[in-house]
Every structure is written in structure tokens, then in C-alpha cells.
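# Summary of the model geometry
Residues per chain, in single letters:
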Amino acid sequence: VYGAARPASLKAVRRAVLGGLAQAEGNPTAAIENYAPHTDYFPDKIDPAHAVDFDVEYHLTWKLVRDNRQGFAYVLLLKGVPVSALPSADVLPAAKRFRVPVAKVGFSSTTTAPLLLSLGVAETIKVAAATPESCILQGLADGRIVDYNAAAAADFEDLDVLYTSVNAWSPPWSVHEANGVNVQSTSDPGALNRAEWLMFTAAFHNAEKVAEATFAEMKAKYECVQDKGQRASAAAGRRPAFVEITNVWGTPGMFQSPQTPYHMELIEAAGGNPAAADPAHPFQQAGAVEQGWSGAVTRFTQEELLEALKHADVVVDNHWSPSSTASTPMVGGDQGVLRVPGRHVGVPVVPEEVAVPPGQAHGGERVHGAVRAVHD
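Cut-offs used in this document
Starting afresh in each chain, residues are numbered from 1 along the sequence in its written order. Per-residue local features of the predicted model are confined to residues with pLDDT of at least 70, and side-chain atom pairs are confined, for both listing and counting, to 80 or more; whole-chain, interface and lining totals are unaffected and use all residues. Only hydrogens and water are set aside; all other atoms, that is, all heavy atoms of the structure, feed into the side-chain values. When accessible area is computed with a 1.4 Å probe and restricted to protein chains, residues below 20% of their type maximum are described as buried, those above 50% as exposed, and intermediate ones as partly exposed. Helix and strand assignments come from DSSP, with helices taken as H or I runs of at least 4 residues and strands as E runs of at least 2, each series counted from the N terminus. The criterion for strand pairing is that DSSP finds at least two bridges linking the strands in question. Pairs of N or O atoms within 3.5 Å make up the polar contacts considered here, provided that, within protein, one atom can donate a hydrogen while the other can accept it, and that residues adjacent in sequence are counted only when both atoms are side-chain atoms. We call two residues contacting when some pair of their heavy atoms lies within 4.5 Å. Criterion for a salt bridge: a side-chain nitrogen of Lys or Arg within 4 Å of a carboxyl oxygen of Asp or Glu. An axis is simply a line fitted to the C-alpha atoms; with a helix, the fit covers only the stretch in contact. Between two such axes, the angle follows the N-to-C directions and lies from 0 to 180 degrees. Small angles under 35 degrees read as roughly parallel and large ones over 145 as roughly antiparallel, with 65 to 115 read as roughly perpendicular and the rest as oblique. Polarity classes work like this: nonpolar for Ala, Val, Leu, Ile, Met, Phe, Trp, Tyr, Cys and Pro, charged for Asp, Glu, Lys and Arg, and polar for all others, with Gly in that last group.

## Structural notes on the pairing of strand 6 (residues 96-100)
Residues of strand 6 alternate between two faces, with Lys96, Phe98 and Val100 buried on one and Arg97 and Arg99 left unburied on the opposite face. In terms of strand pairing, strand 5 (residues 73-78) meets strand 6 through five bridges, oriented parallel. Residue pairing across strands places Leu78 opposite Val100, the latter belonging to strand 6.

And the structure:
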């Protein structure tokens, strides 16, 4: 079933096949100085249990990373290992080739930033899209990092990898360039599927051990808080109405509540009711359902929004700029809303802690599996 967890791990099979070989003590963090054939240089291997849009195949000195959604493939050969260690071109699939671990990377989407920072490889970021992560903002300010939209061709050419996407808007550097790598973590169907894309980027940095430990922590926290939310809702006999409000870009005085599938999934996982996607809920009935650029949305005038918010228990204020929030009508007013800089989240201060998207950004800082969210 597309999106289901994989039924069996390949790790036992890999251990049996590689059991008679010498093994490195850990995945190399630099070039191999004294290459020894018949050595498994990747003792730390990832085996995604949830993500279905990528997989990684390991060999002694190289890896094959497959993008199962778009059909891209990437051969990752250890630095310091001769190219002759690769099989002949007629055996390898059509794939871009990279030397790992990569040392200089860039990204075009803010969703990639938490993946890299979770791996502890911030020092490799040389080109970055606008993101609220403080270490990246500091790098942009002091010139260590080049802004993606202001970068020149030479900046992109100097990268080992540019993490980008086939869906990037008007990209100055295409995913089809020699160092372009397609990262579509947001398309993998499921919260844990998307979080597991941490392992995709880890393959390029030889950071598999960190990725597995970090994901395990995310998953444990996510499932623990998810359980709290479900039990709290069951005990209360109701699922609180959880809504997200954004401004309509370029249309002052208009607001919308998206029905983005992964948002709805997370609300339900937390024990909440995604009221924006419920035709029978008075919140949705106060507005008009339309088709937005990324899916269905419920749109409101300011007067309609004021009426709709009377039926919401929790409101996430997800406006695109701080200036647009000044006139935003919110339940409880400023006293009931937690405001943070930038493209921010505003939630009532009263609710208990419940389930959340693993590894997502909250108020400019990465949340490791849990945020304040749904249940009162």
C-alpha cells in the first residue's frame, strides 16, 4: 500500500552478506587516506521504515540513492576511493555522481534547513533560501552564506550539492544541473514518512548514525504526544476545532484557512478536528471554499473571519509577514495569542501539549517532535 510502513528490515540481510568483510569503525567523515579493498566503509546504514519516495542501496565504498517519485538516481562514491571501485557504466543506472561526504551544499527550500541542521552539518551550508533558523540568518548576515535568490552562477557551480526541487519556483539553478538533487520530502504521504527524509540528506553527508538516532527520538516523542492528545480528546468526549489562518497574498482584508492534507493529518493525529476541511462545521460554513494554489482553502472577509473564529478552539496564525498580523482578529485578542517573529505560529497560551509534525519549524526554531498545539 502506498504510504504504508515497510514490512521487513534489510539490515539482517546486509549483515549476513557483509559479515565476512572488514568494517570501518564508522561512516567516514573525510576522504579515505589508505583505501583498503574488501572493506565495508559504511557500517552505519539507513533503512527507511516509513518513507516510500526514496531508498538507499549500500555497497562497500559507494551508495545508490533513488528518488522513487521522480525517477532520479544518485551514485555517492567515497572521497579517496578510485572511480574504478564503481561497476561499469552499463551496470550502473543513469545517475548523477557525487563524492561523499559532501562539504559545500545549498538549498532552495526552507523545508531542507531543518533536515541539515538536525544532522549537525550547518557548516556545510554555503547557499541558503530565506529561513528563520538563527544560525543561517547569522551566516547570511556575516557573508559566510550566500542568499539563494542573490547567488551567481559561480556560487552554485562551487557547491558539491544543491538541494532543490522539480517544483522550485523560477529557480536560478535547476535540479537538472550536475550538482542538483531533488528533495521532495513534503510529498511523501505521512508525517513520519516526511520526517524520515532526514535520512535522504544524511546519505550525502555520511551522517546515517546521527539520522537514525534523531529520527528515533522524533518518532518516540511524536507518538507519545499523539497518544496524549487522543486520550485527552476521548476523555473530554469531543475533538477541539483546530484552524490555521493566513492572509490572502496580494488581497488586503482577505483571509484563508488551508485544507492542506498534511495539516489535516496532523490535527487529527493530535486528537483535534480540522474544522477548515469539515463542511458541517460552522467555521467552514462562515466562509467560502475555493481552490488555492496548493489545494482547497476556506476564504473569509474580515467580518466573516470574526464570526468563524467564534467556533474555533485553537487558532494558528500563520501569516506571511509580521506587519500583516497587526489587524488580524484573533480569539482572545493579544492576551490569548503567543506571537513570535517572522512567518510565525500563534496559539492560545492555555492548551495542553499534544501531537505535532516531527522536525518542523516553530517560531524560527526547530521543534524536535513536539509543540504546544491542540487540546484544551
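Picking up where we left off.
## Description of the side chain of Glu196
With respect to the helices, strands and loops of the structure, Glu196 is situated in the loop between helix 5 (191-195) and helix 6 (198-205). A polar side-chain atom of Glu196 sits 2.6 Å from the main-chain amide nitrogen of His50. For Glu196, the contacting residues outside a window of four places in its chain are Pro48, Ala49, His50, Ala51, Phe54 and Phe215.

## Considering the pattern of salt bridges
Scanning the entire structure with this criterion turns up 14 salt bridges. For the salt bridge of Glu265 with Arg194, the shortest nitrogen-to-oxygen distance reads 3.2 Å. Here Glu265 is found in helix 8 (residues 261-269), whereas its partner Arg194 is found in helix 5, with 71 residues between them in sequence. With a relative accessible area of 28%, Glu265 lands in the partly exposed category. Owing to a relative accessible area of 13%, Arg194 belongs among the buried residues under this scheme. Between Glu217 and Lys221 there is a salt bridge, and its shortest N-O distance comes to 3.2 Å.

## Brief notes about the sheet that holds strand 10 (residues 161-164)
Spatially, five strands are ordered 9-8-7-10-11 in an open sheet, and the strand pairing comes out parallel. With partners counted over all chains shown, the strands left at the sheet margins are strand 9 (146-147) and strand 11 (180-182), one partner each. As defined by bridge partners, strand 7 (residues 105-107) adjoins strand 8 (residues 125-128) across three bridges and the pair is classed as parallel. When the sheet's bridge partners are listed, Phe107 is paired in strand 8 with Ala128. The strands touched by helix 3 (residues 134-142) within the sheet are strand 7, strand 8 and strand 9, with strand 8 carrying the most contacts at an inclination of about 85 degrees. Contacting strand 7, strand 10 and strand 11, helix 6 crosses the sheet at an angle of about 170 degrees to strand 10.

## Section: the pairing of strand 4 (residues 62-67)
In terms of burial, strand 4 is a largely internal element, five of the six residues being buried. Bridge count for strand 3 (residues 54-58) against strand 4 is five bridges, and the pairing is antiparallel. Bridge pairing in strand 4 places Tyr58 opposite Lys63. Taken together, strand 3 and the strand that follows it, strand 4, pair antiparallel across an intervening segment of three residues. Looking at chain direction, strand 4 and strand 5 are connected through five bridges and run antiparallel. In the sheet register, Leu64 faces strand 5, and the bridge partner there is Val75.

## Some details on helix 6
Counting buried residues in helix 6 gives eight out of eight residues, a clear majority hidden from the surface. Within the sequence span of helix 6, burial applies to Leu198, Met199, Phe200, Thr201, Ala202, Ala203, Phe204 and His205.

## Notes on the packing of helix 7 (residues 208-236) against helix 8
Between two packed helices, what matters for the description is the angle formed by their axes and the separation of those axes. Packing of helix 7 against helix 8 leaves a shortest axis separation of 8 Å and a crossing angle of 65 degrees. In terms of orientation, helix 7 lies roughly perpendicular with respect to helix 8. For the pair formed by helix 7 and helix 8, the contact residues are Tyr222, Gln226 and Gln230 on the first element and Leu266, Glu268 and Ala269 on the second. Partitioning the contact of helix 7 with helix 8 into residue classes produces three nonpolar, two polar and one charged.

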